[in-house]
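Chain and residue survey
Residue strings, one per chain:
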Amino acid sequence: MLTFIGLAIIITIVTLLLFEKVIPIIALSAIPFIGALLAGFGISEISEFFQQGVNKVAGVAFMFMFAILFFSIMKERGLFDPLISAMVTLTRGNVVAVAVMTALVAACVHLDGAGAATFLIVLPALIPLYRRLGMNPYLMLTLMATSMGILNMVPWGGPIGRAAAVTDISPDELWHGLIPVQLAGIALAVVGAALLGWREKRRIERLGGMEAAIAHNYPPGSSTDIASGGTAVTEKASNDGEQSAPSGAREGMPRFYWFNAALTLVTVVSLALGLMAPAYIFMIALSVALLFNYPSLAAQSRVITQHAPQAFNMGAIIAAAGAFLGILNGTGMLESIALDVTQILPGQAVSVLHILVGTMGVPLELLTSTDAYYFALLPVIQQITASAGVDPIAVAHAMSIGSIVGTFISPFSPALWLALGLAGLEMGRYIRYAFLYLWGFSLIMMFVGYLFGLY
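None of these values were measured; they are calculated from a predicted model.

**Let's talk about the overall build of the protein**
The helix and strand inventory of the protein stands at 22 helices and 0 strands. Each of the 455 residues in the protein was classed as buried or not, and the buried ones make up 55%. Considering only contacts within the protein whose residues lie at least 6 apart along the sequence, 80% involve residues at least 24 apart. When the accessible surface of the protein is totalled, it reaches about 18,200 Å², and 69% of it is carbon and sulfur.

Set out below in structure tokens:
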């Protein structure tokens, strides 16, 4: 009975998230509660399961909230604007260099793990350049998706945060094993960008620049219109008269630029070295950033209020995931599912199931959302492989590496729809263009993870 109800809970949550009937908080909070009642557990027992689950993910939730606030401030203060402006200028006219620059800029700007903000900052700078050179805009999105997926391996990135919440492993502990894979991934992304850029250059030479631009159906409107429409997002004035960081379109270095760059570097290094709890590192970094960039109380309150919705949303999802996992663990449903599935599967398949699922990570991103993949599928695979003595961190690594570069090919990614809207592109054509490349890239990353002994 526990297996049946547990599977019903998981399938219901996946279905609701898949068809976008409810937000993750509702699905992860209400459905397990109903399932536990049907299984015969009392209110007091369910409450205890909830408390145990939330306690396990509290650190992850707090880290996300403060990390999002910190990096949102860094973006608003223009930390990445000079980099984007300089690289666009340096690579103008060279198709291969533009492709490589696209991969590198997307990786740098996506340091905060916020896909929508990265697209809003990078796309307005790149679209006029791609149009002028007659480059395929679907190539631009593919290269950005690859780099942004690799950067999502940071402990404050959405996928790793979800994996940490599910496995009860610290996000920075998960990241420590992924650091060499992430570095190798960035290098491979540059190589892949160069190869795709070379292929694009040959296509442009065959078609001719103007013909290529027409063939790729660029959105109507001038470069200036598109650029100004995007950079306006980052140009906000504070209530006390302070200007937020200048964008790449403006001359001069943003105020406190080098201080903010040093603060960001110290924060990331502190996380990598595990000097303190990740949440406390970001709490201190946020405090320092606010004091220097927004000295007045009014400005500090304004910037927190401005970025609080995004921070709260991610923290609330992680907390709801804690409730979901606490109930499924406390009631014994996950264990029951694992035992029953283990009896069906061949013994050899159980020990490598996480690797098999990881190799299918990108196709699974097309069929399910990131929330469903990590909150519904990962805990089941973890329980099943535990019977074969597989370390939970190996399961998290395999499933994260396998799916993470597919984050921004999923039709369930709101940030991707924003990017398609900004660039005037179609989801179907993008998936056809990017799918095989991203899946092949993820398989290479799975092999790299195996070489580093992560699973």
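Still more ground to cover, so stick around.
**Section: a nonpolar patch on the surface**
A cluster of nonpolar residues, L265, V269, L273, L275, M276, Y280, M283 and I284, forms a patch on the protein surface that exposes about 750 Å² of accessible area. Counting residues per element, the ones that place at least two in the nonpolar patch are α12 (257-273) and α13 (278-293). With respect to the element layout, L275 can be found in the loop between α12 and α13.

**A word on empty space enclosed by the protein**
A complete count under the given rule lists 1 cavity of 30 Å³ or more for this structure. The space that makes up the largest cavity amounts to roughly 30 Å³. A103, L104, A107, S147, I150, I186, A189 and V190 together form the lining of the largest cavity. For the lining of the largest cavity, a count of residues per class yields 7 nonpolar, 1 polar and no charged.

**Some points on helix α22 (residues 427-451)**
Between its first and last C-alpha, α22 extends 34 Å over 25 residues, near the 36 Å set by a 1.5 Å rise per residue. In α22, a bend of some 45° at A434 exceeds every other bend along the element. When α22 is considered as a whole, its buried residues turn out to be M427, Y430, I431, A434, F435, L438, F441, S442, M445, M446, V448 and G449. The positive-phi residue at the C-terminal boundary of α22 is G453, with phi of around 70°.

**Some thoughts on the packing of aromatic side chains**
Within the structure shown, the criterion is met by 15 aromatic pairs. Between F119 and F408, the ring centres sit 5.7 Å apart and the planes meet at 90°, which makes this aromatic pair edge-to-face. With a gap of 289 residues between them, F119 in helix α6 (residues 115-133) and F408 in the loop between α20 (392-404) and α21 (414-423) connect regions that are remote in the sequence. Given a relative accessible area of 1%, F119 falls into the buried group. Judged by its relative accessible area of 5%, F408 falls in the buried class. Seen in terms of ring centroids, W156 and F282 are 5.3 Å apart; in terms of plane orientation they differ by 80°. Their pairing is edge-to-face. Taken together, the positions of W156 in the loop between α7 (137-151) and α8 (158-167) and F282 in helix α13 put the pair 126 residues apart, joining distant regions of the chain. F282 matches W156 in its accessibility class, with the two residues each being buried. A connected cluster of aromatic rings, assembled from ring pairs, spans F70, F71, W156, W175 and F282.

**Looking at the pattern of salt bridges**
Evaluated as defined, the whole model comprises 1 salt bridge. We note a salt bridge from E76 to R302, for which the minimum N-O separation is 3.3 Å. Of this pair, E76 sits in helix α3 (residues 43-76) while R302 sits in helix α14 (residues 297-330), and the two are 226 residues apart along the sequence. Here E76 matches R302 in class, with each residue buried.

**Notes on the side chain of N136**
Relative to the helices and strands, N136 resides in the loop between α6 and α7. Accessibility expressed as a relative area gives 5% for N136, which makes it buried.

**Topic: the environment of K75**
Considering the arrangement of structural elements, one finds K75 in helix α3. Counting along the chain gives 36 residues from K75 to L111, while the straight-line C-alpha distance between them is 9.8 Å.

**Some details on the side chain of S72**
Along the chain, S72 turns up in helix α3. Apart from the residues within four sequence positions on either side, S72 is in contact with H307 and Q310.

**A short note on the confidence of the model for the protein**
Averaged over all residues, the pLDDT of the protein is 81; the fraction at 70 or higher stands at 85%. For the stretch residues 219-251, pLDDT sits under 50, and the model shows 57 contacts to residues farther than four places along the chain or on other chains.

**A word on a positive patch on the surface**
Side chains of R199, R202, R203 and R206 sit close together on the surface and give a patch of like positive charge. In this fold, R199 is placed in helix α9 (residues 171-207).

**Things to note about the environment of T102**
Residue placement: T102 occurs in helix α5 (residues 95-109). Each C-alpha atom, one on T102 and one on V122, is 8.6 Å from the other, the two residues being 20 residues apart in sequence. When near neighbours in sequence (up to four residues on either side) are disregarded, T102 contacts L126, Y130, M140, L143 and M144. Among the polar contacts made by the side chain of T102, one reaches the side chain of Y130 at a distance of 2.7 Å.

**Here we look at α14**
The principal kink in α14, of about 50°, is found at A308, preceding the proline P309 by one to four residues. A positive backbone phi angle near 85° is found at G332, which sits one or two residues after α14.

**Observations concerning the packing of α14 against helix α19 (residues 370-386)**
Relative to each other, α14 and α19 sit at 30°, their axes nearing to 11 Å. The orientation of α14 relative to α19 falls into the category roughly parallel. At the point where α14 passes α19, the crossing takes the right-handed sense. Residues I317, I318, A321, F324, L325 and N329 of α14 lie in contact with α19, whose contacting residues are D371, F375, A376, P379 and Q383. Looking at side-chain class alone, the contact of α14 with α19 contains 8 nonpolar, 2 polar and 1 charged residues.

Cut-offs applied
- Residues numbered from 1 in each chain as written.
- Predicted model: local features only at pLDDT ≥ 70, side-chain atom pairs only at ≥ 80, totals over all residues.
- Heavy atoms only, no water.
- Helix = DSSP H or I, 4+ residues; strand = E, 2+ residues; numbered from the N terminus.
- Buried < 20%, exposed > 50% of the residue type's maximum accessible area, 1.4 Å probe, protein only.
- Contact = heavy atoms within 4.5 Å.
- Areas by Shrake-Rupley, 256 points an atom, 1.4 Å probe, with all protein chains shown as cover.
- Patch = residues over 30% accessible without salt bridge, like charges linked within 9 Å, V, L, I, M, F, W, Y side chains within 5 Å.
- Salt bridge = Lys/Arg side-chain N within 4 Å of Asp/Glu carboxyl O.
- 1 Å grid on protein atoms, 1.4 Å probe; cavity = no way out; pocket = protein on both sides within 12 Å on 5 of 7 lines; lining within 4 Å.
- Points joined across faces, edges and corners; volume = space filled by probe spheres on them.
- Nonpolar A, V, L, I, M, F, W, Y, C, P; charged D, E, K, R; others polar.
- Expected span 1.5 Å × (residues − 1).
- Bend = angle between axes of the 7 residues up to and from the residue.
- Phe/Tyr/Trp six-rings, centres within 6.5 Å; stacked < 30°, edge-to-face > 60°.
- pLDDT = per-residue confidence, 0-100.
- Lys, Arg positive; Asp, Glu negative; His and termini not counted.
- Charge placed at Lys NZ, Arg CZ, Asp CG, Glu CD.
- Polar contact = N/O pair within 3.5 Å; in protein donor to acceptor, adjacent residues only side chain to side chain.
- Axes fitted to C-alpha atoms, helices over the stretch in contact; angles between N-to-C directions.
- Parallel < 35°, antiparallel > 145°, perpendicular 65-115°, else oblique.
- Left-handed = near helix turned anticlockwise from the far one by under 90°.

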